[in-house]
Every structure is written in structure tokens, then in C-alpha cells.
Amino acid sequence: MGESSAAVRDAIGRLLGDMAVVLEPPELMAGSRVSMRIEPRDAEALATALRTLDSGSTPAIITGGGSRLGLGNPVRGAQVELSCVGLVGIDELDAADGVIRVGAGTPLAEIERAVRPHGWQLPLDPPGQGTTVGGTLASAAAGPRRLGFGAARGCVLGLDTVLACGDRTRCGGRVVKNVTGYDLAKLYVGSLGTLGVIERAWLRLRPAPRSTRVVVLSLGPDSDPYTFALAAARHSAARAVALVCSELADTHMQGVGHPLDAADWLLVAEYAGDEEATREGAERLAEGRAASPGDLTAIDALRDLQGSVGALGVRARLHVRPSRLAASCALLRAAAAQLLVYPQPGVIYAFFDPSGCGDEDPWWLDGVFTALERVRGEAKAELVVEELPEWGRGRRDVFFGGSGPLSLMRSIKARFDPNGTLNPGRFVGSI
Amino acid sequence: MDVTSELYEGTLDCVHCGLCLSDCPTYLDTGRETSSPRGRIYLMRGVAEGQIELGPGVADELHLCLGCRACESVCPSGVRYGALLERAREQLVDAGLRKGQGPRLERLLLRSLLARPARLHAFISAIGIVRALRLDRLARRLLPAALANAQALLPPIPPSPLRAPLPSWTPAVGERRGRVALLEGCVMRELYGAVGRATIAVLTRNGFEVVVPEGQACCGALHAHAGDLSFARSLAERNVVAFTEQGGAPYDAVVTHSAGCGAAMKESGGWLPGRSDGLAALTRDICEWLDESGLVAEPGRLELRVCYDDPCHLVHAQGIADAPRRLLSAIPGLELVPHAGASDCCGAAGTWSLGHPEMSARILDAKLDAIEAASPAVLTSGNPGCLMQLRAGVEARGLAIRVAHPIELLAEAYGMAVPGQR
Amino acid sequence: MPGVRPPQEAPTSRSDAELIAGLRRIVGNEHCLTRPEDLFAYGCDALTLDAQRPAAIVLPESTEQVASAVALCAYLQRPFVPRGAGTGLSGGAHPTPGAVVISLTRMRRILSIDADDRIAIVQPGVVNADLSAAVAHHGLFYAPDPSSQQVCTIGGNVAENSGGPHTLKYGTTTDHVIALEIVLPSGDVVRVGSDTGFAAGYDLTGVAVGSEGTLGIVTEVTVRLSPIPEAVETLLAIFDDVPSACRLVGRIIESGMVPASLEVIDRRTIEAVEASVYRAGLPQDAGAVLIIELDGAACELQAQLERVRAFAYEEGVRGLEVARDDAERARFWRARKGAFGALGRLAPDLYVHDAVVPRTKLPEILEKICEIGDRHRLRLSNVFHAGDGNLHPNISFDRRDPDELARVIEAGREILELCVAAGGVLTGEHGVGNEKRDYMGLVFDDVDLDAMRRLRDVWNPDGLCNPDKIMPTTRPCMESNPKARGYDAVPID
């Protein structure tokens, strides 16, 4: 750390007191070397911290549970981590209405534990351990159950957000239907902490299903896996349907208790709802096939797989229209990708394994990006590279420039965070 | 229009919800609020409240309306749009806002031709002769555009026996169930005499004695739509006398075979408050009456694929949609096929199509598309304006579809000869 | 604050002539309306209070024409207001004096339907119900179903983030729109979102939906279509009073069912409906009627139906009808969807409110709302989406009576304050518009509103695009601001 940064650090330390901790030695985080962690315990402290950082134009990495730190481009010049894990707590659980107000640092598992006894579930299932509400919303993370749960933004009723200037703002509310004012929650969710720091959220819960059923089966080379899986996903009780290619199934899905020999794909389906509906869904799927009844460990395995990355490899997430799944997957397979596919709403996780190539081989990485670009062009896929080796970070925009008007997005960033305090450089087009 | 008028009070029933928009042919064609029922009511209200002037713009919009009254069928507030329109058009006439050759000619035709059976008969005969001599193409060049269009719209002129007055009394066949009067109608008599005869035949077959009272007049619907309410009132007065004050014992019903006439008679209470209520209460559309009283004679088989297209003044003004369909379905072998937009206006709207030929053609086109898709052998509808418009459209497209009044099919099912079949 | 203001004359000047000549060149004479009658007719939407007169109305037929018209307005610094069918109830399509109304009713083509991927691309003027009708033969429908769905446009739905009776299960417009083409207030055309449902970058689609036409003019909408459920059961439960109906709603929701809709209409609404063309044969002496619609897999519906039936009897239902066929289902719904218009029969004007409260507080809030109505000697009736706490207190009145109008406005303010104090908000589906913008301070403080302004100013820096909507004209009232009083945990008695 240079002298000037040390000076900044000292100044911040003086202003923020206990909530700031010096990291010795500095930690490598989201592409930056971080030498101070600020961990506010409440909204006012968060506002003070941000005001302090912003007035000194000090860029900060905003973190939650740390499970999604690999996502995004490197943060430019950040030496400070602003961690939200201290903003914990369930403020209010309205068990009759099925709404809950929680601090951004609250782990999802804690919420799940709190709501279950009342017959509710939290419709968020991002991969990773210790994930927090704030991190899940900021990264709009979704897991295998995105089919049943929908996108993360769907359960957000209201957000308390602290802007870079320290303003504590609120949008939305606790009611389940609301068009009072601009829907700023949509802006903050998925913005990777670049517009404001989510401090608290009102979330809408879902009734916990009366029954769940998991079915695992394998699909041979002569089948049309996409059409089959899509049909499975379109049953009204389907909550998660995934196709796992045989290589990934071998390495990650051994524990689900289904023989894999001679199969191209492993299909995992979860049905949730009333007893009659889940039974019908499972029976319809298994009809005339060698299917194994699975349990929730299969879904956990999918979630772990989705969050994993091969040794120093690349994980990309592609969104395609369901009718383009086959073409997209063929292109990716040709580029040696291993695939996890959620046929509805059309999400593909492509894993690229560098083993066999030399260490830190830029040609290999360029090849991966070129292959992805091709799928993007030919199958009109939207894509994000979610993980890549540390040495490869910053070489390319992992959002591929994003889609939509970048200039408008830049203007929004400039208006909400004019001094570039919040995760500068991390988002689309290095915003 | 002023804030004390009945018309103004009527406009206040509208809460501006807009649920009428999608059912208005002129809104659908133009996309304009000003050309919608809600817009027109708002204009009437605006004039009454002094927010806008009663000027040519208001006149144009009120006359662009077809008067199909589809808006009334969907209006949750129960706005009586048709009555408001008639009153407002009357005020346009009073204010001298209906100027120029077109409206003058229209008024002349309506007052001096349509309402005078002898003249109308002579006129229609003249057209028949012109056509027989193949002078109609020449006439089309010489006549004012509106008249030429009207001429083109007319169906083939029936032979004179079919244009003779209907018999003034026809006894019931079999057991007598009642005694009804028939409104002969001006256009119906001249151009659709076969329908009148079919109506009498079906009624008598089903036990009704049919009287066609002397001294009856045109119903006045077209006059009222054109804003000539005073003339419409005088016609209504004659009909009150003819149908309720002469001829001995009261009739069980006054039957019409034209939806437009039926609507006008049922609503004539509004023209002659207190005076015409009895007539209004007695009036029944032929399909409505047969449906209500039930068929006693079993119809014979007719292997036909048939579409039924609702006349606006039956479905919207009188709220009758099921009765004609039930009657047609009672004919063994007849297959009633639904078509899209059956209750949408065909674009005829009395004399409206003459003044708005292009929009009328667009509205008719949509109707014909739906008919073509359903591909019936016979297209039925119970109003002369609709029959003319649909026939002209079917012919222009070269479709092999016969256009008929539902009662004609029923008469055929009873084994009657069909002299007027086109 | 809504009220009857004298209509202001539009400024006529040389710039008007220049503007109109330009607009005529863009859309053609026939589709540029400037007669006094047109300016009057386009002065308001379904909220007739506070009408104003625009300088002109244009009816473009393409994105290019919209963009050119907007660019011309931007060049001449003239406000412009997008408009769909004009069925909005918050004055969202009200012009400011001298503004240009850009009506999208002629852009009504369904551009593409992809049944396999369950998406459709439509122009903004497509009527909501027409889209569902056009995809029905694929076994699909467009889920958001505002009560005006037979006439309102998809573009208007996008602007207002419209809901409807089925939002309880299916969500609102924002949950079904995945991409938009937008003419920005500068006249530039941008595409946001993606037909895959995900677009890397800020969620501009999510922000644009519900922005009430203040961020730009939507010229193309990509929507998700939903599969028509395998089975539907519709029940009509008749109760002696509203609280009993609400208790049944609570039982159903707390049991873990997610019905497609739960709609309540109260006694006064029943009376009005039964006197209208939408009469459904409801008993006129009932205190409340609850429409319950369940949909989903046929195999599970029967059991759900039985559960609902059992709950209903436990809660003292007076009568319970299950629709035997589609015709009967339509009859039940006719009563609900025609309610607003039917209430129009009671008086010349109707004020439709749209507040939301936590569902569990419905009975006490409704009681207080009725008290407010009675205290102000107003004819107040209630229709509401009971499953999501979305209230529609309707006040029938005569705006020509200035005293009554003042009482309507005062009662409206009290209702909103009551709902906000209970943890609710100003509007659930009708939008803020110009109707409720001065109440925004009840829910949000200066800093919250400033964040919203930041967003708006990026898109609409000159404020020309649909001015005077959403954001308040006056300073928010701090006394009534819930945050100033210790956030939103304000108990109601």
C-alpha cells in the first residue's frame, strides 16, 4: 500500500472508529488489494461510512457473504471493503401476510429457519454458502428453483438503500402490490452494488409446498433432451428441472443415487405443490423410463454444481429462448464446454476446463470468449462470464458490453454515484 | 344543448370509463377519442356546459356515428346513447349546422319519398326500369355520388307482384293462438316483399291471425337518426292510431320484420311521451315473437350451413341475440356456424353508408372476412339495411353466398315456395 | 390535488403554428388533430377532474413517426403526453396546457407470436384482451387483466404497471414484460431488455414499466404469455358482512393456497351492479360477495375446492355457488369487472381510489373508510382485491356541487392517510398520475423522492415527457411522513 492510500486509510479509520478494521496483510478481493474493512452495524453507520468514503472519492468494494465476489469486472482502485454482514436481523415477520423485513446482511438460511414454522418459504435459492439477502439481490442470483421461484426481483417488495452520498432512501413498501412512485427496487436489484447499498428489504414469502417430489433419470444419446426437459419443466407443479451433461454428472451428481452408464444427460426434476399435482408431475415424467426417486440432495447438488468452477476454469451463464437451446448447446459442446441446463426459462451454465493447457494460457481464454461470442451471435444468447481465473480478470468485459443502451446506464451510474465510490468498474461496460 | 336539458342530464350517466371504445366502429377505424361514444358524449356535455361551441366539428363527429349502439350493449352505466344522439342531432338541425346539398337531399328523400308509399313505389319501379334498360351505368355517372351509391346498393328490384301491398288480413292456420298486427315497413315492402310474405306465412302457420292495418306509416327511424325528430314524431303519431286505436280488439303484438323499425317503435315512447307507450310495449321483432310464443308447427329439413349476423338495432338496441339463433337452430338439418364479430356493425347504418362510403367499405370488409372464413351457404340478418349492405359486399367479392332474412329460411322449412330467392 | 380548475387556454402563438405544421408533416394531416372539439376530448382520461387542453393530438403509426414527433417537441421545448385508450384513473394521460398528446391507438398490430417460447411482440396500441384472444388457440393467454382489458392498451398497461383481479397469482404487468422499444424524450430510440428474459446491465425494463410515461414513449413491447391453466374453478361466496368475507380470504391464504384471485364487492356495489347491464343475479341483501378463482392442474383443484368450501362454511358463508361452466364463470366476473361503470349510475361522477394495505388489516381499514365516507355524507362503496389488500373505495358524487366535491377530496385524503398509517401505500395499480402526486409525501420523504428524481432526470432531463405526473409539486408534509414518525411500524389503534 502506498503512502497516500495509507493516509486515506488512517483518515477513514479516525472518522469511522471501531467499524473500520485494517487488514494486515491486505486481501485480494474482486481484483483489488484491500487493506481496510468497514463493517457498519446499522443503517446510520452505513450512511456515515458511505458519506465518509464518498467525500474523499474513495472507491469501495461492497460485499455481503462473499459468495459472489467473482462476479463482475475488477473494481477499479479499491482499497476498502464495505461489508454488509453486520446489517443482520429479522425486524418483522408478518406470518399472516407472508411478508418479512430483514437486514441486508442476514443469511438466507436464517430467514428460511424463521419462516418455515409458519408455513412459508423464501423464494430465493442462490448457490453458495452463507449467502446474504443483500448479496443475493445485488447480484440477482437464482438457483435451480428459478423455474418455480422466478427471478430474484420478483420477491422484493421494498428496499432501504443508502446512496453513495450517504442518503438513506426507501422505495416500494411492505404491501404486495404497489405502483407508488418509480420502481427503484428494480434498478438496485442486479446492479451489483454500483448504484447504492441495499441495507434492508421487505420480501414476499411463498407458501411452503405441501409436498415435494424429486425424480432423477438419464437420457440416452438417441433422445431429444431439450424437448423432453422442456415438457417436464412446463408441468404446473415443476419447481426445478435441470439437465446435467454426463461429465458434470460424473463429478458432481454421484450422490443422487442414479446409475449414469451410457447416458448423455442426467435429468433432475423437482415438483412442489399439492400431493396430487406433484405425484402427477413425477409420474408423467417417469412414464416408461428408468427413473429413480430422488430427494432434496439432488437439488442441493445442482446448486453446488452451479456455483462451482473447475480448477482455474471459466463458468459462463447464458440466457436463450427455449427454442434455441439445442443450437446453443451444440455450439458450446463443440467448444468443449460442460453444461448444466435449465430448459425453462432457458439458462445454460457452461463450464470450460483449462486442464491440459499451459498455466495462465491467454490463448485458451481468448478461445473461450470467442466461442461464447459465437453463441451470443448465432443463438441470440445473453451472457455473463461469472467466474474466470484470477489471472484472466480484467482482460475482457465479462458482460460482453451488456445489452441495451450503455450510455443511459452510464448516466444512471453518474447520477447515483457521481464520485465512483460504489464498486467502480465492476458492472457492465466497466461502469 | 344546455345544462337544464334532458339531453344534458342523459350525458351525466357517463362516467368516462371508456369501456365502450372497443365496440365503436368509428373509434376502431380512426383511433380517435373524439370519434368514440365516450368522446361524443363528452362533446355534448361540453357544449351544454359552455366549454366548447356547438360548431361544425361537433356536427361532423355526431354524424360520423353510425348509430349502431354497440356502445349501449357494453355500457355499465346504462347510458342511453341512441336517444342522446337523436336529441343532439336534432339540435344540430335546429342550430342550422346541417347545411349543404347532402343533408338537404337526405331530408328531401326521407320526408318526400321514403314516407310516401306511392312515390317510393314509383321511384323503385323507375330504378327497375333503368336497370332493365341497362342505363344504370349511365345513371351512376349522372347522379350525385351519394345517390349513385344508393342505387348500387339496392338489391335486384323484385317483380311487381312481390311489391304489392301485403294482404290486410290473413287467417291463422289450424288452431288460432292470437291476433297480431304487422308493420309493413317502407323499404321492406318495396325491396323485401318476400320477407313480408314469409313473415305472414310463418305466423299463420303457427296459429296467428295477421292484420296489416290501414293507415300505418313508416316507423320514422331514419328520420330520427338524421335529426328530423319532428317528422319522426308525426309518423309515430300515425302509427299509434293505426296500431292501437283502430281495428277493434287490441292486438296481441305488433310485429316487425325489420330490426330498425322494431327498435324505433319500441323507443317511440321517447318521441311521444305518454302517447306511444302502448305501441312500444306491444312491439315485437318477428324472431322475438316466435321465440317467445314458441313454434307449434314443426319445420321441415333444410340441409344448409348458415351464418347469422346480428343487426345492430336488434342486438344492441333491443338486446335480442339468442332468439333468431334459436329459431334457426330449430330447423332440422340446418347448421348454424358462428363467425367472428357477428354483433359488429356491417357498416350500413341506414343512410350512413351513403355519406361515408370509404369507412363503410372498411367496416364491411372486416365483416366479409369473418363471413368468408366461416363459409356459409346462407348469410342471414333481420334488417333491410344490413341485407342490402351484406348482399352488395358478398356480390362484390364474388362469394357464392345467399343473403336472406332468417324468417325466409323458416318459411322455406315450412315448405313454402320462395319467389324472391336471390 | 385534484379539483375542478378552470380550463386554461392553450398558449397560441407562432410557435403553435410551427409545431402543428411540423406535426402534420410527420403524421399527415389526417392524423394530427387540432379542432377545438379534439382538444377538448383529449383533455382528460378516465379521471375527468382537472382536465386541460393540449395544443394538438397526433396519432402516429410507426416508431419513426413517434420518434420524429418527440424530436420535434424536444426541439421546440414543447411538453408531450403519451396516451393509450385513456382508461387510466389517475390522470396519467392528462395533458398540460399546450402539450402535444401522442396517441398510440393506431399502433395496434401484434407483430409476432412465438407459441413455443411463449412470447409475443406487440405495438403499444394493441388492446389487452385482443392479445389474449389472438393467442388462445395456442393454449396461451396474457395474464395481466385489468378490469378495462376489453379496451385498454398494452402500452398503457406498461406505463401504469397495471394489475387486475388475477395479480394475486400471476403478478402485475412488470412480471410479464421482458423487453421494450422506447422513444426517449430526446427522440432517440432504444431497446431495453431481451427476449430471453435477461439482459446484462441495469434492469431498465423493470424501471420503465410503471413509470407512467414519464421516461419515454414505449413503441414496442415483448411480453411473456402464460399457459391457460388446465382447470379453473370459480366460486361465488355470499356473506352477511365484509369482515366475514375477509376472514375467509385469510383462511385460504394462510392455508397455503394461492388462488388466481380473491375479489370482494360490498353491498352498495352489488346494488349498482344488479341495476346495470352487468347484472349477475347477486342477492341484493347480501353484505358482501367474494369471488374465488382457483386454477391449476385438474388433479389438485378438486381437493382445493373442498378445502375452500369447508373454510367458507366455517366462516359462516350464507350461500356458495360454484360456476358450472364458462358462461356462469363469465356471469360472476361480469359483476366484478363492470362494477366501476355500474357505480356510475349512482351519480354523475365517480372517484375510484386505489390504496393498498397489508391484507390482514383489511376489515378494520374498510370499517374506517366507511366511517370517513359517512362522516362526509358521501356515497361510498367498496370493490377490492382482497388477496393482496388492494382497496378500491369508490365515491359517487356530482362535481357540479362544489361543496360535495370538496368533501370528496377531503375524504380521499383521509382515506390515503389512514391506509399509509396502516403500512400501506397510495396506489396498487392505477398509478400516481397527477391525481395523487401531492400525496407522495405521505409515503416518501425528500431524500426518497430525490432518488426518484435522479432516475427521471437521466431519461427526461427537460421534463417535457408527460410533465406533472408522479413527483409532487409541493414539499412533502413532514408531520404526516411515517419515516419522520419512526418509520412504518405505526399501529392502528
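Residues numbered from 1 in each chain as written. Chains lettered and ligands numbered in written order. Predicted model: local features only at pLDDT ≥ 70, side-chain atom pairs only at ≥ 80, totals over all residues. Heavy atoms only, no water.

(A) Region of the structure containing the overall build of chain C. Helix and strand counts for chain C stand at 16 helices and 18 strands. For 493 residues, the compact-globule formula gives about 23 Å, and the C-alpha radius of gyration of chain C, at 23 Å, lands near that figure. With 493 residues in all, chain C has 70% of them scored as buried. A separation threshold of at least 6 residues defines the contact pool for chain C, and within that pool the share at least 24 residues apart is 74%. Accessible surface, chain C: about 15600 Å² in total, of which carbon and sulfur atoms supply 51%. Of the charged side chains in chain C, 49 are positive and 70 negative; the average position of the first set lies 3 Å away from that of the second. (Helix = DSSP H or I, 4+ residues; strand = E, 2+ residues; numbered from the N terminus. Rg over C-alpha atoms; globule rule 2.2 N^0.38 Å. Buried < 20%, exposed > 50% of the residue type's maximum accessible area, 1.4 Å probe, protein only. Contact = heavy atoms within 4.5 Å. Areas by Shrake-Rupley, 256 points an atom, 1.4 Å probe, with all protein chains shown as cover. Lys, Arg positive; Asp, Glu negative; His and termini not counted. Charge placed at Lys NZ, Arg CZ, Asp CG, Glu CD.)

(B) Representation of the interface of chain A and chain C. The partner chain C presents 85 residues to the 69 residues of chain A that form the contact. The contact between chain A and chain C buries some 6300 Å² in all, and 57% of this surface belongs to carbon and sulfur atoms. Its largest share of buried area at the contact with chain C, chain A owes to Arg170(A), Lys177(A) and Tyr182(A), together 16% of the area lost on that side. For the interface between chain A and chain C, the tally reads 8 salt bridges. Residues Arg321(A) and Asp114(C) are paired through a salt bridge, measuring 2.4 Å at the closest nitrogen-oxygen approach. At the boundary of chain A and chain C, one finds 24 residue pairs in polar contact (both at pLDDT 80 or more). (Buried area = accessible area lost by both parts, 1.4 Å probe. Salt bridge = Lys/Arg side-chain N within 4 Å of Asp/Glu carboxyl O. Polar contact = N/O pair within 3.5 Å; in protein donor to acceptor, adjacent residues only side chain to side chain.)

(C) Main features of a negative patch on the surface. A cluster of like negative charges, contributed by Glu364(C), Glu367(C), Glu371(C) and Asp374(C), occupies part of the molecular surface. Assignment of secondary structure puts Glu367(C) in helix 13 (residues 362–375). (Patch = residues over 30% accessible without salt bridge, like charges linked within 9 Å, V, L, I, M, F, W, Y side chains within 5 Å.)

(D) Main features of the nonpolar core. Ranked by size, the top nonpolar core spans 205 residues in total, and within it Leu137(A) and Trp459(C) carry the most contacts. When residues of this core are assigned to their parent elements, the largest contribution, 9 residues, is made by helix 14 (residues 402–421) of chain C. Not counting residues up to four positions away in its chain, the partners in contact with Leu137(A) are Leu124(A), Ala152(A), Val156(A), Leu159(A), Val189(A), Gly190(A), Ile198(A), Ala201(A) and Leu203(A). Core analysis: the second largest hydrophobic core is formed by 74 residues, Val202(B), Val306(B), Ala323(B) and Leu390(B) among them. (Core = buried A, V, L, I, M, F, W, Y, C linked by side-chain atoms within 4.5 Å.)

(E) Up close: the pattern of salt bridges. Enumeration over the complete set of coordinates arrives at 95 salt bridges over all chains. A salt bridge links Glu280(A) to Arg284(A), with the nearest nitrogen and oxygen atoms 3.2 Å apart. Taken together, the residues span about one helical turn, with Glu280(A) and Arg284(A) both in helix 9 (residues 275–286) at a distance of 4 residues. Here Glu395(B) makes a salt bridge to Arg391(B), at a shortest N to O gap of 3.1 Å. Placement of both Glu395(B) and Arg391(B) in helix 23 (residues 384–397) is noted, with a separation of 4 residues, approximately one turn of the helix. Residue Glu395(B) is classed as exposed on the basis of its relative accessible area, which comes to 54%. Looking at Arg391(B), the relative accessible area reads 11%, which means it is buried. Salt bridges sharing partners connect three or more residues here, namely Asp91(A), Arg101(A), Asp160(A), Glu199(A) and Arg200(A).

(F) Layout of the pairing of strand 3 (residues 60–63) of chain A. Residues and elements named next belong to chain A. Burial along strand 3 is two-sided: the residues Ala60 and Ile62 and Ile61 and Thr63 are all buried. Pairing of strand 3 with strand 4 (residues 80–83) involves 4 bridges; the strand directions are parallel. The partner of Thr63 across the bridge, within strand 4, is Ser83. (Pairing = 2+ DSSP bridges.)

(G) Spatial organisation of the side chain of Arg407(C). Within the secondary structure layout, Arg407(C) lies in helix 14. Its relative accessible area of 14% is what places Arg407(C) among the buried residues.

(H) The arrangement of the packing of helix 4 (residues 56–64) of chain B against helix 6 (residues 81–94) of chain B in detail. Residues and elements named next belong to chain B. The geometry of helix 4 relative to helix 6 is characterised by a closest axis approach of 10 Å and an angle of 140 degrees between their N-to-C directions. Compared by their axis directions, helix 4 and helix 6 come out oblique. Handedness of the helix 4/helix 6 crossing: left-handed. Within the contact between the two elements, helix 4 uses Ala59, Leu62 and His63 and helix 6 uses Leu85, Ala88, Arg89 and Leu92. Class assignment for the residues of the contact of helix 4 with helix 6 results in 5 nonpolar, 1 polar and 1 charged. (Axes fitted to C-alpha atoms, helices over the stretch in contact; angles between N-to-C directions. Parallel < 35°, antiparallel > 145°, perpendicular 65-115°, else oblique. Left-handed = near helix turned anticlockwise from the far one by under 90°. Nonpolar A, V, L, I, M, F, W, Y, C, P; charged D, E, K, R; others polar.)

(I) Main features of the packing of aromatic side chains. Applying the stated criterion across every chain, the model contains 9 aromatic pairs over all chains. Here the aromatic rings of Tyr188(A) and Phe416(A) are separated by 6.3 Å at their centres, their planes lie at 85 degrees, and the arrangement is edge-to-face. You can see Tyr188(A) sitting in helix 6 (residues 184–188) and its partner Phe416(A) sitting in helix 13 (residues 406–416), a full 228 residues away along the chain. In this structure, Tyr188(A) and Phe416(A) share a single accessibility class: buried. With a centroid separation of 5.4 Å and an interplanar angle of 65 degrees, the aromatic rings of Phe399(A) and Phe427(A) are classed as edge-to-face. Separated by 28 residues along the polypeptide, Phe399(A) in the loop between strand 19 (382–387) and helix 13 and Phe427(A) in the segment after helix 13 bring together distant segments of the chain. Both residues of the pair, Phe399(A) and Phe427(A), belong to the buried class. Among the aromatic residues, ring-to-ring pairing joins Phe399(A), Phe427(A) and Tyr202(C) into one connected group. One cation-aromatic arrangement involves Arg289(A) over Phe228(A); the distance from NZ or CZ to the ring centre is 4.2 Å. The cationic tip of Arg317(A) hangs over the ring face of Phe198(C); the distance from NZ or CZ to the ring centre is 4.6 Å. (Phe/Tyr/Trp six-rings, centres within 6.5 Å; stacked < 30°, edge-to-face > 60°. Lys NZ or Arg CZ within 6 Å of the ring centre and 35° of its normal.)

(J) Spotlight on the arrangement of the chains. Most contacts, when the 2 pairs of chains in contact are compared, are made between chains A and C. There is a gap between chain A and chain B: no contact, and a shortest C-alpha distance of 21 Å.

(K) Quick look at the sheet that holds strand 8 (residues 177–183) of chain C. Residue and element names in this part refer to chain C. Taking strand neighbours across the sheet as the criterion, the 5 strands line up as 5-6-10-8-9 in an open arrangement whose pairing is antiparallel. A strand with exactly one partner marks an edge of an open sheet, and here the two such strands are strand 5 (110–114) and strand 9 (189–193). The sheet shows a mean angle of 10 degrees between the axes of neighbouring strands, direction not considered. Direction of pairing for strand 8 relative to strand 9: antiparallel, over a ladder of 5 bridges. Opposite Ala179, over in strand 9, you have Gly193 as the bridge partner. Its contacts with the sheet put helix 4 (residues 128–135) on strand 5, strand 6 (119–122) and strand 10 (217–224), and the angle it makes with strand 5 is roughly 40 degrees.

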